[in-house]
Structure formats: C-alpha cells, structure tokens
Amino acid sequence: MKSALPAVVFSALFVMSACTGDTTDQTSLIADPLEPANRGIHAFNKGVDTVVLRPASQVYGAVLPEPVERTVENFIGNLALPGDIINNTLQGDTVALGDNLGRFLMNTTLGFGGLLDIAGEAGIPRHPADFGQTLAGYGVAEGPYVELPIFGPSTARDATGTVVDFVLNPFTWSESDTAEEVLITSGVVDAIDTRDDLGPVLDGILYESEDSYSAAKTAYIQNRRAFVNGTDSGDDGFVDIYAE
Amino acid sequence: MFILKSARATMLAAAMATLPISAQALTPQEATALTNTIADEVEGYVNSDMSLAQKQAAFRQTMDRYADTSAIGRYVLGVAWRSATPAQQEAFTTAFAEYMANKYGSQFSGYEGGEITIGSANDLGNRGIVVESTVTRPGSSPFIVQWQFSDRSGQPLLIDIVAEGVSMLTTERSAIASMLDRRNGDLDALIADLPTAG
C-alpha cells in the first residue's frame, strides 16, 4: 500500500472520534449523527451482500468439505496473528501475547505455514486483538456510529483501528507480489467464510428485519462492546426489567 | 408433651433464623437446572426432522412455559406500554410472543447438529442470575450464550438470552421502537403486523 489514503482516513476518523466523545443519549445505544450517509452506505452494502457475498458464501459452504474449510480458516487465522500480536503488546496483555506468539511459531513451522492448527490441538487458544480495542484501552471513546463501505458496521474509533491495523500489518508492507496476492485473496476468502459462519444470524438481520440498518447497528454495537470489554467480565449488558 | 412441643417450636424458630432472609430466592443451582431443561428442549426440536412451522410452535411453547413473556413485552415496548390500554398490552404480549417464535424459530436451521454446554452461574442481585453456556456446531467457531433468570415475578423465569454480547431484550426493544416509529406510533397497527413481521 503506497498511497496516502490510509493516513488521510486515519486523521479524519481520529478527529471525528476525538471531537464527538460521549454524545450517546439514553434512548439509543450509540450516537448516530451520520445516519443519512450511513443508511446510504448500508443500502450499498446490503446490495453487495445480496448479489455477491451471500450467494458466494452459500456456494462456499455447500462445496467445501468441512476439513478443507477448517484448513482455510487455519491459514487465514495464522495470517492474522502478527496483527493480533502487535495489539497484544500494545495492550500489555502478556497472557494473550504468549499464546498468540506460541501459536504463530508452532503453526507456521509444524503446521505447514498455518494450514494445520497444531497449537489449538495442544490447547493454546487464539486471542484476537485489534487496534480499535487497543484505543479503547487507552481511554479513547467509541465516537459515533459509522457504517463503512464493504467493511460494514463500525464506530469512529473502530474504523480508525481498522485503518491502523492495515498499516501495522507486516504483510501490507511486503515487497513481494506473492505476499500481496495472498493477503488480498485471504481477505476475500475470509469475508466469504465469515459470511458462511454467520449465515442465519446475518440473514435475520439483513433480510428478516423491517429496518435492517437499525438491526445491524444494534447487533454490532452490543457484540463489539462485549468483545472490547471482555465477554466474561462484562455483566453490563444485563438489565433489571422489573425496575421500569 | 407441652415441653416437647415448645422445644420443637424453638428449634424450628432457631433453624428459620439462620436461613437467609430471602429464603425462597432463586439459587444459581436452580437457574442452571432450568437452563439445562430449556436447552434440552430446544436442542431436541432443532435437531429433529420437524417442519419449520412445528419448530416455531414448539419454541413458542417453550417460551410460554419458561420465560416471563409479559415482563419482556412490557420492557420491549418501553414508554408506549405505559400509555397502552390493558387490552392493548395483552394483545401486544401475544403478538410479540408470536413474532419472537417466528423470527428466532426460522433461524434454527443454521444450528442443526449444535450442542449447548452449560457453564457457571453468576448472581447479579436485583438483575437475577446469569447462566453461562457455550454453543458448538460443526464447522463453526463456538459462541457464548448467557441466560438471565429472575424470580421477581414470584416464579423463577427466563428474562433474557444474550449471544456473544447481543441481548435479545436490547435488540428487540430497539427493533420494536423502530417499527412503532415507522407506523407513526400507532400501537394497534404494530400489534396487527407483528405476528408476520420479521
């Protein structure tokens, strides 16, 4: 990636997330001052899903036997580890860092470049980490809701994180054409694989909700907050329904 | 005889005094047992060869039996519940139960071969007890589902299901608010549309 685009997007989003801070009101989950633009992008994304992603994921799910699918997931998961490791380091999460480093070393060597998940079988779990989460750890507020083209639901902070993760990824800067091709192909396959994995859930959100924009936003924000705050520690999501 | 009786009464009183004040409060063990029962029922028809309509009907029965559908309906409708007539409230609760069964029942096909493993239970005080579970299905990464129970209605009942941080209550409160908005706040129109709405 040699263009200046990421830097521009980064600074724009960063300014946005820094300015808006906590404007979330009581009735909605997250501030959404860009709603008209977001809805336009949502309509585009939904079109891409209807025409390309959903059909592709259905073929993918039907054609690939489960062991092959798992091998593909192993390979893509291994490629994502350097990015995870950088963020584990920035977050000072030594347990996750140790596991992810161990996974990367074992699976890249003994696992034939990440095709086999030897580490997973040995009981070393993967700890996904991203720069949006790192920013949250540094106290950066989530900022307003943003729906990104192709990438989908995000927040000002997490969109910034997505750009930084792209820049931080060692594969992005590789001079080798093969590495670049592998990176792009794995990104596309990852999207199809994830769509296949989330099949019924995403179908429910996109095609069975009366307002798919609002359904996607509600689901994303809750899921994202649980990930950023840690699923097991967070009991914030639970309400006292008898209090009203 | 009299002495014996009074000694018994004293013992009983002493025993009662040592019990916690909310002697009938729902325990984590009971909540875990309830989760097991519900999970077994749902697993049973998800992995059966029943038709979609039959699965939706079975799910509706499970919800009616184990969930506090009226408290959920009240929370989900929010402010509009308070200005609704009792007849509207009742009609909304029924329509909402049907909507839930159809909406979530139609997603069951994606979970065939799935298994629910029950984990620990946490007491959240006034908010009730939350039971952790993990759902695994072939070819997909496992995900965490949390079951929130409360006995504030007088009976231990399910009040929320949270999958990977996504709460059914929060999701539906927002979806219902958006649907009511689109009908310019006309609750009767919403009630009429709900059973067939996504």
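Residues numbered from 1 in each chain as written. Chains lettered and ligands numbered in written order. Predicted model: local features only at pLDDT ≥ 70, side-chain atom pairs only at ≥ 80, totals over all residues. Heavy atoms only, no water.

**Describing the overall build of chain B**
Step number 1: Broken down by element type, chain B carries eight helices and five strands.
Step number 2: Going from N to C terminus, chain B has its helices and strands arranged as α-α-α-α-α-α-β-β-β-β-β-α-α.
Step number 3: By the burial criterion, 43% of the 198 residues in chain B qualify as buried.
Step number 4: Of the contacts formed within chain B by residues at least 6 apart in sequence, a portion of 52% connects residues at least 24 apart.
Step number 5: Taken as a whole, chain B presents about 10,200 Å² of accessible surface, with 57% of it coming from carbon and sulfur. (Helix = DSSP H or I, 4+ residues; strand = E, 2+ residues; numbered from the N terminus. Buried < 20%, exposed > 50% of the residue type's maximum accessible area, 1.4 Å probe, protein only. Contact = heavy atoms within 4.5 Å. Areas by Shrake-Rupley, 256 points an atom, 1.4 Å probe, with all protein chains shown as cover.)

**Some details on the overall build of chain A**
Step number 1: Within chain A one finds 10 helices and two strands.
Step number 2: Reading the secondary structure of chain A in the N-to-C direction produces α-α-α-α-α-α-β-β-α-α-α-α.
Step number 3: Looking at the 244 residues of chain A, the share that counts as buried comes to 38%.
Step number 4: Sequence separation of 24 or more characterises 70% of the internal contacts of chain A that already satisfy a separation of 6 or more.
Step number 5: For chain A, the computed accessible surface area is about 12,400 Å², with 67% contributed by carbon and sulfur atoms.

**So, the packing of aromatic side chains**
Residues and elements named next belong to chain B.
Step number 1: All chains considered together, the criterion is met by three aromatic pairs over all chains.
Step number 2: Centre to centre, the rings of F92 and F96 are 5.7 Å apart; their planes meet at 15 degrees, and the pair counts as stacked. Taken together, the residues F92 and F96, both in helix α6 (residues 86–105) and four residues apart, mark about one turn of the helix. Exposure class is identical for F92 and F96. Each is buried.
Step number 3: Residues F96 and Y99 carry aromatic rings whose centres are separated by 5.7 Å and whose planes lie at 35 degrees to one another, so their mutual orientation is tilted. Here Y99 and F96 lie together in helix α6, a separation of three residues that amounts to about one turn. (Phe/Tyr/Trp six-rings, centres within 6.5 Å; stacked < 30°, edge-to-face > 60°.)

**Considering the interface of chain A and chain B**
Step number 1: Across the contact, 28 residues belong to chain A and 41 residues belong to chain B.
Step number 2: Here chain A meets chain B over a buried area of about 3,100 Å², counting both sides, of which 48% is carbon and sulfur.
Step number 3: In this structure, the connection of chain A to chain B is made through two salt bridges.
Step number 4: For E210 of chain A, the salt bridge goes to R183 of chain B, with nearest N and O atoms at 2.8 Å.
Step number 5: Linking chain A to chain B there are 11 residue pairs in polar contact (both at pLDDT 80 or more). (Buried area = accessible area lost by both parts, 1.4 Å probe. Salt bridge = Lys/Arg side-chain N within 4 Å of Asp/Glu carboxyl O. Polar contact = N/O pair within 3.5 Å; in protein donor to acceptor, adjacent residues only side chain to side chain.)

**A word on the packing of helix α10 (residues 212–229) of chain A against helix α7 (residues 168–182) of chain B**
Step number 1: Look at α10 of chain A against α7 of chain B: their axes get within 10 Å of each other, and the N-to-C directions meet at 155 degrees. Here α7 of chain B runs roughly antiparallel to α10 of chain A, going by the angle between their axes. When the axes of α10 of chain A and α7 of chain B are compared, the crossing they make is right-handed. In this structure, α10 of chain A contributes S214, T218 and Q222 of chain A to the contact, and α7 of chain B contributes T170, T171, S174 and S178 of chain B.
Step number 2: Taken together, the residues of the contact of α10 of chain A with α7 of chain B break down into no nonpolar, seven polar and no charged. (Axes fitted to C-alpha atoms, helices over the stretch in contact; angles between N-to-C directions. Parallel < 35°, antiparallel > 145°, perpendicular 65-115°, else oblique. Left-handed = near helix turned anticlockwise from the far one by under 90°. Nonpolar A, V, L, I, M, F, W, Y, C, P; charged D, E, K, R; others polar.)

**Concerning the pattern of salt bridges**
Residue and element names in this part refer to chain A.
Step number 1: Within the structure shown, the criterion is met by 20 salt bridges over all chains.
Step number 2: When the shortest N-O distance is used, the salt bridge between D49 and R195 registers 2.6 Å. Note that D49 is positioned in helix α2 (residues 35–63) and R195 in helix α8 (residues 177–197), a separation of 146 residues in sequence.
Step number 3: With a relative accessible area of 5%, D49 lands in the buried category.

**Concerning a nonpolar patch on the surface**
All names here are of chain A.
Step number 1: Taken together, the side chains of F44, I150 and F151 define a hydrophobic patch exposed on the protein surface, amounting to about 380 Å² of accessible area.
Step number 2: By the element assignment, F44 lies in helix α2.
Step number 3: Taking relative accessible area as the criterion, F44 reaches 46% and is therefore assigned partly exposed. (Patch = residues over 30% accessible without salt bridge, like charges linked within 9 Å, V, L, I, M, F, W, Y side chains within 5 Å.)

**As for the pairing of strand β2 (residues 152–155) of chain A**
Across a regular strand the side chains alternate sides, sitting on one face of the sheet and then on the other.
Residues and elements named next belong to chain A.
Step number 1: Note: strand β1 (residues 145–148) against β2, four bridges, orientation antiparallel. Counted as the bridge partner of E147 is P153 from β2.
Step number 2: Hairpin connection, β1 to β2: the antiparallel pair is bridged by three residues, and I150 has positive phi, about 65 degrees. (Pairing = 2+ DSSP bridges.)

**Remarks on the nonpolar core**
Step number 1: Ranked by internal contacts, the top residues of the largest apolar core, which has 50 residues, are L77, F92, F96, F149, I176, L190 and L194 of chain B.
Step number 2: Here F96 of chain B is in contact with I72, G73, V76, E172, I176 and L194 of chain B, once residues within four sequence places are set aside. (Core = buried A, V, L, I, M, F, W, Y, C linked by side-chain atoms within 4.5 Å.)

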